[in-house]
Amino acid sequence: MDRRQFITAAALGALLLPYARPGEARTPAPARRLPPPLDPGDTVALVSPSSATDEPFDLQLAREAMEALGLRVKLAPHLASRHGHLAGTDAERAGDLNAMFADREVKAIVCARGGSGAARLLPLLDYGLIARNPKILLGYSDITALHCAIHARTGLVTFHGPIGIGSWNRFNADQFRRLFFQRELMEYRNPVEESDELVPRKNRTVTIRGGRARGELVGGNLAVLSALAGSPYLPDFTGRILFLEDVSEAPYRIDRMLSTLRLAGVLERIAGFVFGRCTDCEPGPGYGSLTLAQILDDYIRPLGIPAYRGAQIGHIREQFIVPVGGRVEMDADAGTFRLLEPVFQ
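Here is what the cut-offs are and how they apply
Residues numbered from 1 in each chain as written. Predicted model: local features only at pLDDT ≥ 70, side-chain atom pairs only at ≥ 80, totals over all residues. Heavy atoms only, no water. Salt bridge = Lys/Arg side-chain N within 4 Å of Asp/Glu carboxyl O. Helix = DSSP H or I, 4+ residues; strand = E, 2+ residues; numbered from the N terminus. Buried < 20%, exposed > 50% of the residue type's maximum accessible area, 1.4 Å probe, protein only. Polar contact = N/O pair within 3.5 Å; in protein donor to acceptor, adjacent residues only side chain to side chain. Contact = heavy atoms within 4.5 Å. Disulfide = S-S within 2.5 Å. Pairing = 2+ DSSP bridges. Axes fitted to C-alpha atoms, helices over the stretch in contact; angles between N-to-C directions. Parallel < 35°, antiparallel > 145°, perpendicular 65-115°, else oblique. Left-handed = near helix turned anticlockwise from the far one by under 90°. Nonpolar A, V, L, I, M, F, W, Y, C, P; charged D, E, K, R; others polar. UniProt positions renumbered as here; feature names shortened; annotations may be inferred.

The chain is annotated in an unreviewed UniProt entry as LD-carboxypeptidase of Pseudoxanthomonas taiwanensis.

Put into structure tokens, the structure is as follows:
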């Protein structure tokens, strides 16, 4: 083997190492790290790691929402910056995140919004600094890139849930207080909506395959997560409970993304599966399409693991705050999962 062949083979081996099959060598996952708890009166930082916010008043509302929860607010230096569709250059946005993790006054970091661009920051984050200064990170959608990378590289438990400029309705505020202030071992069960229907129709979960499973939660937005395949920023999925959600994706694209995860060896390793909401993911006009239910049946049912869909996770007004890395037990027949252990120091 000549030098060029050796370098090519070595690079390919490094790329595939995180996806080695059971029994083969792969990079071990870091030990789980828990963030310190959050209390009323603590300081939280508002940061913008992804897209810019086109309405400055939204940032004021985000600040007011955090203050209404009883928290002090520190604004990241480039919170309102803009670089094309992004909230500042990559260096500015990564610098804000690194600075807020290093800031001893800041007890939690709330992402102002998602959108696009967080994956551009992954090589620029100081994972050693983050590991030495663990703290709550909250956000969803494009923030999945940060959840995956930080958990994969540091083991830190982070939180998939409402963004700063999103809706802080009664449900979301209650989730925040119960999880962060009261440190409740949460049970995640869809709320039952009152209606005049004899049989409830809204907020229902659907069992894909029944049973119970225990493991640490990993996941987030399907499009963002699947785009990390082949990188060192995707967590180890062995024995984990995978949760997913998405928005405005045609079923054929959902099919492609799940195919990517299957080909990367992700799906065969998980112990359980929870699908949240795929908002605006109906088939479009044309020759025809698989439905989302059929796609999940094709990819998930053959795994023989507990699985259900319809959890209150995703691009919806009322959403669970889910600890990425938290240890849970899921019940696919009941459509619930619950924390087994505290997720704070």
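Engineer: Help me understand the pattern of salt bridges, please; the structure alone is not making it clear to me.
Structural biologist: Under the definition given, this model contains 19 salt bridges. Between Asp90 and Arg93 there is a salt bridge; the shortest N-O distance is 2.3 Å. Of this pair, Asp90 and Arg93 both sit in helix H3 (residues 90-102), 3 residues apart, which is roughly one turn of that helix. Its relative accessible area of 1% is what places Arg93 among the buried residues.

Engineer: Got a minute to help me understand the side chain of Ser50 in this structure?
Structural biologist: Relative to the helices and strands, Ser50 is located in the loop between strand S1 (43-47) and helix H2 (56-68). Among the polar contacts made by the side chain of Ser50, one reaches the side chain of Asp142 at a distance of 2.7 Å. Excluding its chain neighbours within four sequence positions, the residues that come into contact with Ser50 are Leu86, Ala87, Arg93, Arg113, Gly114, Gly115, Ser116, Ala118, Asp142 and Ile143.

Engineer: Help me out: how do you make sense of the state of the cysteines in this one?
Structural biologist: Among covalent bonds in proteins, the disulfide is the one between the sulfur atoms of two cysteines. If you walk through the whole model with that rule in mind, you get 1 disulfide. In this model Cys278 forms its disulfide with Cys281; the gap between the sulfur atoms is 2.1 Å. Residues Cys278 and Cys281 are joined by a disulfide whose S-S torsion is about -70 degrees; by sign, that bridge is left-handed. Looking at Cys278, the relative accessible area reads 13%, which means it is buried. Look at Cys281 and you get buried, because its relative accessible area is 6%. We note that Cys111 lacks a disulfide partner, and the nearest cysteine sulfur, in Cys148, lies 13 Å from it. Judged by its relative accessible area of 0%, Cys111 falls in the buried class.

Engineer: Help me understand unusual backbone geometry, please; the structure alone is not making it clear to me.
Structural biologist: A negative phi angle characterises most non-glycine residues, just as the trans form characterises most peptide bonds. One non-glycine residue, Arg183, lies in positive phi territory at about 55 degrees. With respect to the helices and strands, the residue Arg183 is situated in the loop between helix H6 (170-181) and strand S6 (187-189).

Engineer: How should I be thinking about the sheet that holds S1 in this particular structure?
Structural biologist: In sheet architecture, strand pairing relies on hydrogen bonds along the backbone and comes in two forms, parallel and antiparallel. Strands sit in the order S2-S1-S3-S4-S5-S12 across an open sheet of 6 strands; the sheet is mixed. Two strands in the sheet have a free side with no partner beyond their single neighbour: strand S2 (72-75) and strand S12 (322-324). Looking at each pair of strands side by side, their axes are set apart by 30 degrees on average, direction ignored. Pairing of strand S3 (residues 106-111) with strand S4 (residues 136-139), which is carried by 3 bridges, proceeds in the parallel orientation. Counterpart to Ile109 in the pairing with S4 is Leu137. Across the sheet, helix H5 (residues 144-154) is in contact with S4, strand S5 (158-160) and S12; its angle to S5 comes to roughly 155 degrees.

Engineer: What am I meant to see in the packing of helix H8 (residues 251-263) against helix H9 (residues 292-299) here?
Structural biologist: Think of two packed helices as two axes; the pair is described by the angle between the axes and how far apart they sit. At a minimum axis distance of 10 Å, the contact between H8 and H9 shows a crossing angle of 15 degrees. Judged by the inter-axis angle, H8 sits roughly parallel to H9. Here H8 runs over H9; the crossing is right-handed. Contacts between H8 and H9 involve Pro251, Ile254, Asp255, Leu258, Ser259 and Arg262 on the former and, on the latter, Leu292, Ile295, Leu296, Asp298 and Tyr299. Class assignment for the residues of the contact of H8 with H9 results in 7 nonpolar, 1 polar and 3 charged.

Engineer: Just checking my understanding: could you explain the UniProt feature "active site" (unreviewed entry) in the chain for this structure?
Structural biologist: UniProt marks Ser141, Glu245 and His315 with the feature "active site" (unreviewed entry), using the numbering shown here. What stands out for the annotated residues spanning 175 residues is how close their C-alpha atoms remain, the widest pair being 8.3 Å apart. Topologically, Ser141 is positioned in the loop between S4 and H5. Classification of Ser141 by relative accessible area gives buried; the value is 12%. Not counting the four nearest positions on each side in its chain, Ser141 is found in contact with His160, Asn221, Val224, Glu245 and His315. Residues contacting Glu245, with those up to four places away along its chain left out, are Tyr140, Ser141, His160, Gly220, Asn221, Leu222, Arg277, Ile313, Gly314 and His315.

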